[in-house]
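# Structure assessment
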Amino acid sequence: MKYSPAPLVPDEVVQRVEISRQQPDGDPAKAAESGPQVFDFPRAVEWMATHGPALKEARAEFETARALAKVKTPLPNPALEIGPNYGFGPDVAKLYRVQPFGSIGFTIPTAGKRRKQDELNRVRAELLFIQMQAKHRELYLGLRLLYSQWILTRERLEARKKIAESAEKSANMSKKLVQGGFANALDLGLLELEAARIRTEALDAERELAAVEGEMSETIGVNAGQFMAPPEPALPAIPEATQEIAELREIMVANHPELARLRAQYEVAEAELRLEVAKQYPDFHFGPSFERETGEKKTVLGLTLGIDIPLFDRNQQGIASSKKRREEIRTKYEAAANRALASLEKTWRSIQLVNEKLKLLKNTLLPKANANLELARKSLETGATDALRFLETERGQRAVLIEALDTELSVREAWVDLEQAVGLPLVLFPGEKKETVPELNEGKNSPIDANPKR
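Everything quoted here is computed from the prediction, not taken from an experiment.

### Quick notes on the sheet that holds strand E3 (residues 284–292)
One open sheet accounts for four strands, arranged E1-E2-E3-E4; its pairing is antiparallel. Either end of the sheet is taken by a strand with one partner, and the two such strands are strand E1 (79–86) and strand E4 (299–307). Strand-to-strand, the axes of this sheet are offset by a mean angle of 15°, without reference to chain direction. As defined by bridge partners, E3 adjoins E4 across nine bridges and the pair is classed as antiparallel. Within the sheet, the bridge partner assigned to Phe 290 lies in E4 and is Leu 301.

See below:
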């Protein structure tokens, strides 16, 4: 195999990445033929699978390991020795003083070392495959949170804009009341100050939206300008309750990405230990030799057979290290399972509490705050109340409205936390299918070709 140069040209790479971010569907002309595309959650998932930088990195690492796993471990190279023998002394004939000699030696590995090395390369590649899938699953679950935050931040921005418009109307109405003698300049100043403050809150909401879009753009690998508002409903309905914690625990064992990684690492540790145990047995050496006696017309052919005698070095260090490495991963798996169970219990309890809060806000507090605001507005128009009382009522209604949106976001974050605790989506987005959830193919559908029989 010959070396083939592949220079890295920074300008070309950046330009190619920029085009990919701006045109995630390829050629705009061809993409336009299929009609306008909606940016819903399934489309975000599709773009992330194609353009996500973190996934590309994990895929590249796996491809490197797979390339090694597909190449069989070769036999050791034979050793060739040639040279002259020089003889001297009174009995050496000058004609035959310099004679050639040569030998070739072969090593035959014992105890199935080559097969065990092939197996180790295979499970290492499968480890990186599981890590790639686990990364995809984690990014998938993280994207569910980012997409929910994006939708709810947009709703919060729209709510703040409507509140700002309402504050402007209240200030304009106050001007009319001042002209009619039902309010004074102080009332007008307070309402105008409140309207200006609300506009600054709307700007803060726009900044929050830009931050969420930036984080989602980094995850998906697509420019945020491609994120068009999706049709309603964009988010899944929030369930009344979750599954029982025992059922969720079973889902967690089979789907938690970190536990899957550690199980794959344990398989690698097992393969490494098998190889280290095999290395305690010495390899077998043999080889023919050719030699001419110096000073004589004599040719000698020989055959050497040899094996190292494992009196002192029986690979004690390698075996001891591999055994402890296996126990280390077992301990890490137990610790990860402990953390996963604690996270599951915490998020399960959190959902119960935040669901109750959202129910109270939407069913009791928000309708009451809206009714109070409407009553205060009518009273202000008729001069039955002053601007301070109206302003206080408006602030209360706005606080409840924003808190309801924030609580809905907290509920959805709690559900995503629960999904991340078990490692599997529990509530599907509109248009999402179970088949689109990244798999964790442990021990099935191995991406590595089976090693040939020895």
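What follows picks up the thread again.
### A word on the side chain of Asp 118
Along the chain, Asp 118 falls in helix H5 (residues 113–180). Within polar-contact distance, the side chain of Asp 118 engages the side chain of Thr 73 at 2.6 Å.

### Quick look at the pattern of salt bridges
All chains considered together, the criterion is met by 17 salt bridges. Glu 63 is paired through a salt bridge with Arg 66; the nearest N and O atoms lie 2.9 Å apart. Highlighted residues: Glu 63 and Arg 66, both in helix H4 (residues 53–69), separated by three residues, approximately one helical turn. Judged by relative accessible area, which is 36%, Glu 63 ranks as partly exposed. In this structure, a network of salt bridges that share partners links the residues Asp 25, Arg 43 and Glu 46.

Criteria and cut-off values
- Residues numbered from 1 in each chain as written.
- Predicted model: local features only at pLDDT ≥ 70, side-chain atom pairs only at ≥ 80, totals over all residues.
- Heavy atoms only, no water.
- Pairing = 2+ DSSP bridges.
- Helix = DSSP H or I, 4+ residues; strand = E, 2+ residues; numbered from the N terminus.
- Axes fitted to C-alpha atoms, helices over the stretch in contact; angles between N-to-C directions.
- Polar contact = N/O pair within 3.5 Å; in protein donor to acceptor, adjacent residues only side chain to side chain.
- Salt bridge = Lys/Arg side-chain N within 4 Å of Asp/Glu carboxyl O.
- Buried < 20%, exposed > 50% of the residue type's maximum accessible area, 1.4 Å probe, protein only.

Everything listed is a geometric property; what it means functionally is a separate question.
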